[in-house]
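Residues per chain are reported as follows:
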Amino acid sequence: MFEIDVLTIFPELFGPFLETAFVGHARRGGAAAIRTHDLRDWATDRHRSVDDQPYGGGPGMVMTPEPLVPAIEALAGPKGPSRSAHVICLTPQGRRLDQARLEALAGAGGPLLLVCGRYEGIDQRVLDVAVDEELSIGDYVLSGGELPAMVLIEGLARLLPGVLGNPASIETESFRGGDLLEGPQYTRPPIYRGLEVPEVLRSGDHAAIDEWRHHQAIARTRERRPDLLDPDADS
Ligand code: ADE
């Protein structure tokens, strides 16, 4: 059972997400246990505050060490080799999440504590004393780590054994098996608005189909994501 705890000031954002599709299936089937926790439950003042103005000035608010550090330590233990969960903070300053990191995390088996940053940032000392890893889901800025945490959860859930209906479909998809984008896919009808399904896919010749698909994948990758074919090149 892969265990994930999520620390957020918006636990209600996760409701339907945790009940639906792969993630709901993984939870109901016992492959994953995912719980959300409201950071404000650890706040000690009357206003249940979690943020304050930044030293040095600037726009927005910064999440304060209290109550964040005590909340993380309550859920994962103090930072160190014997803590009970690997603590990941979702932030645009993190290392970029990719399929290889998802596979490594899924393979490690958890447990994880996902910390969702909000506002303009998190006091650096929280990251220093209580967080093990910072991850970004891409080079764009959202207003919080909640959607990035859901991205991470869904990416992990579909890698857990017994969750995906058809495990073979994982093998051919983009970012597996040589890091090519997937080529075009077709289903019925054979002609739609005058556009025909390529003849080879209806031929029943599996060797020819494999070759065609591989060629399409390379052509599409070369056009859309040349950086995947030559990772050393400047993109
Ligand atoms: N929080 C805000 N933007 C983010 C991003 N791109 N990745 C992870 N966490 C974030």
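Right above here is the structure, for reference.
These remarks concern the structure in this document. (Residues numbered from 1 in each chain as written. Predicted model: local features only at pLDDT ≥ 70, side-chain atom pairs only at ≥ 80, totals over all residues. Heavy atoms only, no water.)

1. Observations concerning a nonpolar patch on the surface
Part 1: A cluster of nonpolar residues, Tyr 140, Leu 142 and Leu 147, forms a patch on the protein surface that exposes about 300 Å² of accessible area.
Part 2: The topology assignment puts Leu 142 in the loop between strand E8 (133-136) and helix H6 (146-157). (Patch = residues over 30% accessible without salt bridge, like charges linked within 9 Å, V, L, I, M, F, W, Y side chains within 5 Å. Areas by Shrake-Rupley, 256 points an atom, 1.4 Å probe, with all protein chains shown as cover. Salt bridge = Lys/Arg side-chain N within 4 Å of Asp/Glu carboxyl O. Helix = DSSP H or I, 4+ residues; strand = E, 2+ residues; numbered from the N terminus.)

2. Looking at the site of the ligand
Part 1: Taken together, Leu 90, Thr 91, Pro 92, Leu 135, Ser 136, Ile 137, Gly 138, Tyr 140, Val 141, Leu 142, Gly 144 and Pro 148 are the residues near the ligand.
Part 2: Backbone polar atom of Ile 137 to a nitrogen atom of the ligand: 2.9 Å apart, as the coordinates give it.
Part 3: Gly 138 places a main-chain nitrogen or oxygen 3.2 Å from a nitrogen atom of the ligand.
Part 4: Looking at the shell around the ligand, the elements with two or more residues in it are strand E5 (86-96) and E8.
Part 5: Ranked by residues supplied to the shell around the ligand, first place goes to E5 with three residues.
Part 6: Partitioning the shell around the ligand into residue classes produces eight nonpolar, four polar and no charged. (Near = heavy atom within 4 Å. Polar contact = N/O pair within 3.5 Å; in protein donor to acceptor, adjacent residues only side chain to side chain. Nonpolar A, V, L, I, M, F, W, Y, C, P; charged D, E, K, R; others polar.)

3. Overview of helix H3 (residues 65-76)
Part 1: Taking 1.5 Å per residue, twelve residues should reach 16 Å; H3 reaches 16 Å between its end C-alpha atoms and fits that length.
Part 2: Of the residues trailing H3, Gly 77 is marked for its positive phi of about 85 degrees. (Expected span 1.5 Å × (residues − 1).)

4. Comments concerning the sheet that holds E5
Part 1: Pairing within the open sheet is parallel, and its five strands lie in the order E2-E1-E6-E5-E8. The outermost strands of the open sheet, each flanked by one partner alone, are strand E2 (32-38) and E8. Neighbour to neighbour, the strand axes of the sheet diverge by 30 degrees on average, direction disregarded.
Part 2: Direction of pairing for E5 relative to strand E6 (residues 112-116): parallel, over a ladder of five bridges. Within E6, the residue paired with Ile 88 across the bridge is Leu 114. (Pairing = 2+ DSSP bridges. Axes fitted to C-alpha atoms, helices over the stretch in contact; angles between N-to-C directions.)

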